[in-house]
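Structural overview for review
These are the residues of each chain, in order.
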Amino acid sequence: MPLLVKDYSWTQTPSSICLTIPLKRANPRKVDVFATDEYLKVHFPPFLLEVFFSEAIDDDTSVAKIGNGVAVLTLRKKEDRMWEQLTIDDADKEILKSIRERAVLKAQEKSAADSKTRAEKKQEENKYTLEKMMKIEEGQRNNIEKLKADERERATAELEAWKLQQKREAEKEEARKNRQTQEQKIQLSYTSQLSPTKNTGTAKYQRKDCDKKNLAPLPAPRAPCTIKIQFTPRVFPTALRESRVPEEEEWLKKQADARRQTSTDVSALNDLKEDERNPDWLKEKGNKLFVTGNYLAAVNAYNLAIQLNRKIPALYLNRAACHIKLKNLHKAIEDSSQALDLLLPAVADNADARMKAYVRRGTAFCELELYAEGLQDYDAALKIDPYNQTVLSDAEKIRQFIQGSMPDHLAPEKNM
């Protein structure tokens, strides 16, 4: 049973009460203060102080300071006036018990209300934070859409400029041909109006009469006939004893079939003219964009060309080069592999393209630090062209890096 503290002291002013309680060498951390508007309990084992106030106090603005062996409580009165006494005198135990229970109930209700208030405040803060994050994300999405729109506008402007340049060049070529045709007509007309005559042993030319009655009659139209044309067969650069005729014929047939497999049912091509909906035209446009360093626009051009025709290996090969520049290394590997699949059968006519595909896939592997796979592709490229010095040098760097014989500052660069 705790020991009751009776040696406390108190003073008052019209607005507050100062209560001083000796802690009797108790640890300040173990002092527990519980207060309501009509009840106060200070517990520091094994001592206990209970105060049943004669009038109400404001427990929300009251303050307790513990230290130097005493606990000083400054209690604010709800009404500014002097009290006759601090506690209730001669109160019945049941009354004190009911006051104590009422104080505990008020404390619980206050704690629940505080918890609810904190929860509502936290919910409001979370809602505010969520709204802020949504605004930030919306701003980021708007920035991305703006960048995409700017990129589309720039690519469209470049396409329009290129088409205008092509149109001007075509007009110049047409004007040049018209001038040549006009000059030829004038030359023929001038020659036909002159006829050779002899005068005293010297050849002189006199102008003919240009009247229609003196013109020679036109010959009759030619009779219709059939002309047989024989085309020279395609000849590969290899000698016949070294060539593989069936594979070469299969490759030519495969290329011809690929050129015919063009799909124009692509919604992204609606903005292009009819003569621009051509895989070759889009490939050339992508090549020019690549040279200028606009790799993203070049990828878009190759994407449209591939949607039109998925059987042209050069489209995948060129798009792989763009992905390497953009650090889309896995996509570069996929495009290089797709190009190698389309470059079958392996013949002399597609040897250069196969070597580029192996080198670009090997470069992507090395960028991903998969040096063993990259070296395999470089060795495959050297089997096609064993005397390519650039590929030989890069392959040797990769091999030395794998074996650990190359210092770090001499290791092959990742953009080989």
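Here's what I pulled together on the structure shown here. (Residues numbered from 1 in each chain as written. Predicted model: local features only at pLDDT ≥ 70, side-chain atom pairs only at ≥ 80, totals over all residues. Heavy atoms only, no water.)

Focus: unusual backbone geometry
Between Pro45 and Pro46 the backbone carries a cis peptide bond, its omega angle lying at 5°. Along the chain, Pro46 turns up in the loop between β5 (39-44) and β6 (47-52). Going from Leu344 to Pro345, the amide bond is cis rather than trans, its omega being 0°. With respect to the secondary-structure elements, Pro345 resides in the loop between α6 (329-342) and α7 (351-367). The backbone phi angle of Asn68 is positive, close to 60°, even though this residue is not glycine. A positive phi angle is found at Lys327, which is not glycine, with a value near 65°. Mapped onto the secondary structure, Lys327 falls in the loop between α5 (313-325) and α6. (Helix = DSSP H or I, 4+ residues; strand = E, 2+ residues; numbered from the N terminus.)

Some points on α7
Taking 1.5 Å per residue, 17 residues should reach 24 Å; α7 reaches 24 Å between its end C-alpha atoms and fits that length. The element α7 is largely enclosed, with a buried count of twelve among its 17 residues. Taken together, the buried positions of α7 are Ala351, Arg354, Met355, Ala357, Val359, Arg361, Gly362, Thr363, Ala364, Phe365, Cys366 and Glu367. Contacts from the buried residues of α7 go to α5, α6, α8 (371-384) and α9 (389-403). (Expected span 1.5 Å × (residues − 1). Buried < 20%, exposed > 50% of the residue type's maximum accessible area, 1.4 Å probe, protein only. Contact = heavy atoms within 4.5 Å.)

Some words on the packing of aromatic side chains
Geometry of an aromatic ring pair is reported as the spacing of the ring centres plus the angle between the planes. Tallied over the entire structure, the rule returns seven aromatic pairs. With a centroid separation of 4.8 Å and 70° between ring planes, the pair formed by Trp162 and Trp281 is classed as edge-to-face. One end of the pair, Trp162, is in helix α1 (residues 93-192); the other, Trp281, is in helix α3 (residues 279-291), and 119 residues separate them in sequence. The exposure class assigned to Trp162 is buried, which follows from its relative accessible area of 12%. (Phe/Tyr/Trp six-rings, centres within 6.5 Å; stacked < 30°, edge-to-face > 60°.)

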